[in-house]
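Structure at a glance
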Amino acid sequence: VEARHPDFIFGTNYSLDDKRFKAYPQWSKEAARNAVVLFENLLSYSAKNKNTFEKWGEALAKQADKVRPNNAAPVVGAMRGLPTSSVSYQLANYTAAAAGGKWLAGYPRKLLENSQVRNRFFLRFAEYYYSTDFLRPDHSPVTVSADGKVLYKPFVRERKTADGKEIIVPVVNLPEESDYICEFHMKPPVRKLSCRLNEGTAAEAWLMIPQAPEKAVKLEIRDQSVEVPELHDAALILFK
């Protein structure tokens, strides 16, 4: 089919876990190759192993990293049960993007939610959220410190460039009391944080935030660290 119709896009409901990938390795890789893959098995955000932003984000990132080498575009299935105006819904969207997955929602929900700021940000900086050449390193090359709870460790990725490499650090601001997804949350407080590069030498560092999606802001590097004065909901930090 691909030889006769090179513009054909193939997609599949892609329930992936280590056991299934091991049992059907050839199918798992071929179904993900240059394809849209729908992660239907990651919808149960009330399940014990996926009931917090941290658990769910880590599971989604791990699964996305498994198909990225096959140039797959992961999509999270239609998440039901979270009101579109809720903090949980907002943070779940940012968590999915940070893990490398696009959010699937029906048009009625899109008409009800105020997603222009968030989606404009995702579109403007889609390369750093979704590009499949950003892969998870063997160990995290950065450390993030904040005056409160933030999530970043499962999402750190890097890619080689002509003059070195780029390291992308997606950060999600977590609720103060708990990070259960299916729970009423107040908007997380605005935090300041620092991000330190633990290896190599940073030539440039950039900050991308939803509140100013038009362009990235160049950060000053001091002792291989950068400061982010205000984290509202999510951010991207890029080291070159």
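So, here's what we can say about the structure. (Residues numbered from 1 in each chain as written. Predicted model: local features only at pLDDT ≥ 70, side-chain atom pairs only at ≥ 80, totals over all residues. Heavy atoms only, no water.)

Looking only at helices and strands, the chain has seven helices and 13 strands in total. Relative to the globule expectation of 18 Å for 240 residues, the C-alpha radius of gyration of the chain, 18 Å, shows essentially globular dimensions. By residue count, 49% of the 240 residues in the chain fall in the buried class. Considering only contacts within the chain whose residues lie at least 6 apart along the sequence, 72% involve residues at least 24 apart. Counting every atom, the chain has about 12900 Å² of accessible surface; 54% of that belongs to carbon and sulfur. Seen as two clouds, the 34 positive and the 29 negative side-chain charges of the chain have centres 4 Å apart. (Helix = DSSP H or I, 4+ residues; strand = E, 2+ residues; numbered from the N terminus. Rg over C-alpha atoms; globule rule 2.2 N^0.38 Å. Buried < 20%, exposed > 50% of the residue type's maximum accessible area, 1.4 Å probe, protein only. Contact = heavy atoms within 4.5 Å. Areas by Shrake-Rupley, 256 points an atom, 1.4 Å probe, with all protein chains shown as cover. Lys, Arg positive; Asp, Glu negative; His and termini not counted. Charge placed at Lys NZ, Arg CZ, Asp CG, Glu CD.)

This part is about helix H4 (residues 87–99). The end-to-end C-alpha distance of H4, which contains 13 residues, comes to 18 Å, matching closely the 18 Å that a straight helix rising 1.5 Å per residue would cover. For H4, a buried count of 12 out of 13 residues is recorded, marking the element as mostly surrounded by other parts of the structure. Looking only at H4, the buried set comprises Val87, Ser88, Tyr89, Leu91, Ala92, Asn93, Tyr94, Thr95, Ala96, Ala97, Ala98 and Ala99. (Expected span 1.5 Å × (residues − 1).)

Let us look at the nonpolar core. The biggest cluster of nonpolar side chains holds 48 residues, and the ones touching the most others in it are Tyr14, Trp56 and Tyr129. Taken together, the elements giving at least two residues each to this core come down to helix H2 (25–32), strand E2 (36–39), helix H3 (53–67), H4, helix H6 (116–124), helix H7 (126–130), strand E8 (164–173) and strand E13 (234–239). Sorting elements by how many residues they give to this core places H4 first, with nine residues. The contact partners of tryptophan 56, leaving out residues within four places of it in the chain, are Leu42, Lys50, Val76, Met79, Ala92, Thr95, Ala96, Trp103 and Ile181. (Core = buried A, V, L, I, M, F, W, Y, C linked by side-chain atoms within 4.5 Å.)

Purely geometric stuff here, so don't read any function into it on its own.
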